[in-house]
Amino acid sequence: MKKTIIFLVLVSLFWSCEEEFLDEKPEDFLSSANAYTNYADFTASVNNLYFLVRRQFYDRDENRPFDFIYGTDLVYDGEPGGSQRHGNMEQAYRPDGDIATTHWNLLYKTIAEANTVIGRAPASEMSEAEAKDIISQARFFRGFAYRVLVTLYGGVPLVTEEVTAPKIDFVRASKEEVLNQVVEDLTFASQNLPSITEATDGRVNNLVAYHYLAETFLALGKNTEAITAASMVIDDSNTDLMRTRFGSRSTETPGDVFWDLYRKNNQNRTSGNKESLWVIQFELDVQGGGLQSGNRGGSYAFERHFAPLLRFRPFNSWPVGDYTGGRGIGWGITTEFYSNQIWGGDASNPDFTNDIRNANHNFVRVYNRDNSSALGILANDIGRDTIWSTETQPRRREFYAYPSKITTPYNHPDGLLRPGSVPFALTSSAGGTYTDQYMLRLAETYLLRAEAYLANSQPALAAADVNVVRSRANASLATPSQMNIDYILDERARELGLEEKRRLTLMRTGRLYDRVIENNPFYVQQGMQEHFNLWPIPADEIEGNRGAELQQNPGYN
C-alpha cells in the first residue's frame, strides 16, 4: 500500500508540470521529430526521390524497368514461356502479380516521400529560397508519380498529405481529378524550379515540368494549354535539337549526330548537348552510381535485353567491338513493324536508306565489319555476313536488327573484357549499358506538340513539328494530310524507340491494344485483350483496404 501511494504522488507531481516530460526532444539520435530540420536534411530526402525514379524505370532489377517496353508494338520475348516479359499476358497482368504491384508500390513510395517533404518544409529552419528549392522538386516528383499512376491504372487514390497513422479506407479519385492534381503540382514546379541553365546535370528543371504539364493538358483535352506549355520548352533559347556532330566520339566513322546522342558522356548539357532536358545519371564505381566495372549489378540492363544473343564459338564469350550488341541475350527481339515497316519496308523506299536513324550504325543489320578481326572470326564461325532479312516472325535470338543506342561499342569498362586472344570479347558479367540515360529530350517535346496541334485540328502545324525531327534525320518531309495519331506514334518509334517509356505513350493515347493487334503477332498469340490498356489495381491494396471499397479495373477478377 505504501509503495502505491508514493507512486501516485510522483505521478501527480510530474503531471502538474504541464506534461512537459512527455515532449521528448531527441538531440543525439535520428527520429521523425528531428529528421527534417535544415536544408541538408531535406536535400537527402529529395535525393531519394531521384533514386526512386531511377529505380522504377532503370535499375530495380533485371526485368521490371522493361515493363514499359515489353507488351507493346516494338519488341517481343525471345525466350517465351513465362510472364516476366509479358508473355502469357493474362498471367502477367494478374492483380496479385509482380508487374502491377511493383510499380504501384514504387510510385506511392515516391508520393509518400514527396508528401512528407512538402508538409514539413514550412516549419523547418530553411530559408525561403531553400524551401522553394526543396518544395518545387518534391511537388514535381509527386505530380510525375501521379502522371504515371493515372496512365497505368486510371483513377487512383489521391493522397496529398503525409499519412502518419494506419489508414484502410482509401477510395479511388476519378481520372480527371488525378490529372488536375498533376496539373496543380507541375504548374507549381514549372514556376519555381530552376531554369535549365541553372540546374546541374540530372536535376529536374522548369522545362521538364512544362513538358509533362503539356502532356497532362493533352490528356485532359486542353489542347491550347498543351501547345502553350510545350512551346515554353521548344521556344526556350537554351534548347535546340543537335544538328551537327558533337561529343566524345564525333570524329569516328561511320557516325552522325544521331549516333553521337547515345555515345558515352554525350547525354548531359555539359557535353554541349542542348537537346537533353532530363538525364538519369549513372556513375561508374561510385557508391550508389549503379555502374560497376566488373559486373552489371545495379546497371540498366538495356544491352542485355535488346541486343542479339551473339557469341563466339567455340570461345562461348560475347564480342563488344563494332556492331554486335555487346553482351546481348536476345530477350527483346524487334518486331517486323519496328525493324522494317516504319522505315519503309526495304531498301526500295528512299527513307529506308536516307533516314540516318535507320543507318546501319544506328539500326544494326550487318554485324560483320571489315575493320574488326574479331568479327571476322565470328563471321567465319557462324557463316553469316549479310543484311538481316525482312522475314516474318519468329526470328532467332541470335540474329535480328536492333538500335545501337542500347549498347556502348568499344566503351565497356576494362573489367568486363575477357582476357585472351579474342579482342574486345566480354565476360558473362556484362550486359549493362554504360551511359547516362535520357528520360526526356527535346525531340519528344516536338512530337508531343505535334500531337497537341493534331488534337486542336491544326494538321499543318502538327506536320511542321514532325518535320523538324524528320529534317534532322534526313528523312522525307511529312504532309498535313498524313497527320494522324498513328503517324505520330510511328515517328516516336523511329526517333525514340526503346528509349521512351512506350507503354505510357500508348496507354495515354488509348492506342496500346490496337497497336499491338496491328503490329505485334507475338502478343496477339499471348492473349492481348482490350482491357490491358489499364493495369489492375494490386490485389493486396484491395484486400487490405477494409474500411472502404477500392474498386478493381474492368476485366480483372
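Just so you know, these numbers come straight off a predicted model, no measurement behind them.

**With respect to the environment of Ser429**
Okay, step 1: Structurally, Ser429 is set in the loop between β9 (425-426) and β10 (437-441).
Okay, step 2: Given the relative accessible area of 27%, Ser429 is considered partly exposed.
Okay, step 3: The spacing of Ser429 and Ser293 is 136 residues in sequence and 9.7 Å in space, taken between C-alpha atoms.
Okay, step 4: Setting aside residues up to four positions removed in sequence, Ser429 forms contacts with Gly294, Asn295, Arg296 and Leu416.

**Some details on unusual backbone geometry**
One can expect most non-glycine residues to show negative phi and most peptide bonds to be in trans.
Okay, step 1: A cis geometry characterises the amide bond from Thr253 onward to Pro254, with omega recorded as -5°.
Okay, step 2: If you trace the backbone, Pro254 turns up in the loop between α8 (223-234) and α9 (257-260).
Okay, step 3: Even without a glycine there, the phi angle at Asp285 is positive, about 55°.
Okay, step 4: Within the secondary structure, Asp285 sits in the loop between β3 (283-284) and β4 (290-291).
Okay, step 5: Of note, the phi angle at Leu498 is positive, near 65°, even though the residue is not glycine.
Okay, step 6: Of note, Leu498 is situated in the loop between α16 (485-496) and α17 (502-508).
Okay, step 7: For Leu498, a relative accessible area of 1% puts it in the buried group.

**Observations concerning the confidence of the model for the chain**
Okay, step 1: In the predicted model, the chain carries a mean pLDDT of 89, and 87% of its residues have values of at least 70.
Okay, step 2: Mean pLDDT values over the elements of the chain span from 34, in helix α1 (residues 2-15), up to 99, in helix α14 (residues 442-455).
Okay, step 3: Here residues 1-32 is a poorly scored stretch, pLDDT under 50, and it has 9 contacts once near neighbours within four places are set aside; other chains count.
Okay, step 4: For residues 369-393, every residue scores under 50 in pLDDT, and the model assigns this stretch 50 contacts once sequence neighbours within four places are set aside.

**Some words on the pairing of strand β2 (residues 276-280)**
Okay, step 1: Most of β2 is tucked away, with 5 of its 5 residues classed as buried.
Okay, step 2: Of the pairings in the sheet, the one linking β2 to β10 comprises 4 bridges and is antiparallel in character. Looking at the pairing, Ser276 lines up with Arg441 of β10.

**Details of the pattern of salt bridges**
Okay, step 1: Under the criterion given, the structure shown has 46 salt bridges.
Okay, step 2: A salt bridge links Asp77 to Arg85, with the nearest nitrogen and oxygen atoms 2.9 Å apart.
Okay, step 3: Given the relative accessible area of 2%, Asp77 is considered buried.
Okay, step 4: One salt bridge connects Lys405 with Glu499, and the closest N-O pair in it is separated by 3.2 Å.

**A closer look at the nonpolar core**
Okay, step 1: Judged by nonpolar contacts, the single largest core of 137 residues is most densely connected at Phe140 and Trp278.
Okay, step 2: Here the element with the most residues in this core is helix α5 (residues 128-153); it accounts for 14 residues.
Okay, step 3: Setting aside residues no more than four positions away along its own chain, Trp278 makes contact with Val53, Phe140, Phe141, Phe144, Gly202, Val204, Val208, Tyr212, Gln437, Tyr438, Met439 and Leu440.
Okay, step 4: By size, the runner-up hydrophobic cluster in this structure holds 10 residues, among which are Tyr262, Val279, Ile356 and Ala473.

**Description of the environment of Ile542**
Okay, step 1: Here Ile542 is to be found in helix α20 (residues 539-544).
Okay, step 2: For the pair formed by Ile542 and Ile168, sequence separation is 374 residues and the distance between their alpha carbons is 9.6 Å.
Okay, step 3: Setting aside residues up to four positions removed in sequence, Ile542 forms contacts with Ile537, Leu550 and Gln552.

**Quick word on α16**
Quick reminder: α-helices carry 3.6 residues per turn. Residues three or four places apart thus point the same way.
Okay, step 1: Counted at 1.5 Å a residue, the expected span for α16 with its 12 residues is 16 Å, and the 16 Å between its end C-alpha atoms agrees.
Okay, step 2: Listed in full, the buried residues belonging to α16 are Tyr487, Ile488, Leu489, Asp490, Glu491, Arg492, Ala493, Arg494, Glu495 and Leu496.
Okay, step 3: The N-cap residue of α16 is Asn484: its side-chain oxygen and the backbone nitrogen of Asp486 are 3.0 Å apart.
Okay, step 4: Trailing α16 by a residue or two, Leu498 shows a phi angle of about 65°, which is positive.

**Some thoughts on the packing of helix α15 (residues 459-472) against α16**
Okay, step 1: Running from N to C, α15 and α16 point in directions that differ by 30°, and their axes come no closer than 11 Å. It follows that α15 is roughly parallel to α16 by the angle criterion. Crossing of α15 over α16 shows left-handed handedness. Each of Val466, Val469, Arg470 and Arg472 in α15 lies in contact with α16, whose residues at this interface are Tyr487, Ile488, Glu491, Arg494 and Glu495.
Okay, step 2: In terms of residue class, the contact of α15 with α16 is made up of 4 nonpolar, no polar and 5 charged.

About the thresholds
- The numbers attached to residues start from 1 for each chain and follow its sequence in the written order.
- Totals for whole chains, interfaces and linings use all residues, but because this is a predicted model, local features are given only for residues with pLDDT of at least 70 and pairs of side-chain atoms are given and counted only at 80 or more.
- Values shown for side chains rest on all heavy atoms present in the structure; no hydrogens or waters enter the calculation.
- A run of H or I in DSSP counts as a helix once it spans at least four residues, and a run of E counts as a strand once it spans at least two, with each numbered from the N terminus.
- Only protein chains enter the accessibility calculation, which uses a 1.4 Å probe; a residue is then buried when its area is under 20% of its type maximum, exposed when over 50%, and partly exposed in between.
- Residue contacts are defined here by distance: any two heavy atoms, one from each residue, within 4.5 Å place the two residues in contact.
- pLDDT: the predictor's confidence for each residue, scored from 0 to 100.
- By the convention used here, strands pair only if DSSP detects at least 2 bridges between them.
- A pair is scored as a salt bridge if a Lys or Arg side-chain nitrogen falls within 4 Å of a carboxyl oxygen belonging to Asp or Glu.
- In these notes, a set of buried Ala, Val, Leu, Ile, Met, Phe, Trp, Tyr and Cys residues joined through side-chain atoms within 4.5 Å is what counts as a nonpolar core.
- Working rule for helices: expected span equals 1.5 Å times residues minus one.
- In protein, a polar contact requires one atom able to donate a hydrogen and another able to accept it; more generally it is a pair of N or O atoms within 3.5 Å, and residues adjacent in sequence count only if both atoms are side-chain atoms.
- Helix axes are fitted only over the stretch in contact, all axes being lines through C-alpha atoms; the angle between N-to-C directions runs from 0 to 180 degrees.
- Our angle categories are set so that under 35 degrees counts as roughly parallel, over 145 as roughly antiparallel, 65 to 115 as roughly perpendicular, and the remainder as oblique.
- Two helices that cross are described as forming a left-handed crossing if the nearer one is turned anticlockwise from the farther one by less than a right angle, and a right-handed crossing if clockwise.
- Each residue is assigned to one of three groups, with Ala, Val, Leu, Ile, Met, Phe, Trp, Tyr, Cys and Pro labelled nonpolar, Asp, Glu, Lys and Arg labelled charged, and all others, Gly among them, labelled polar.

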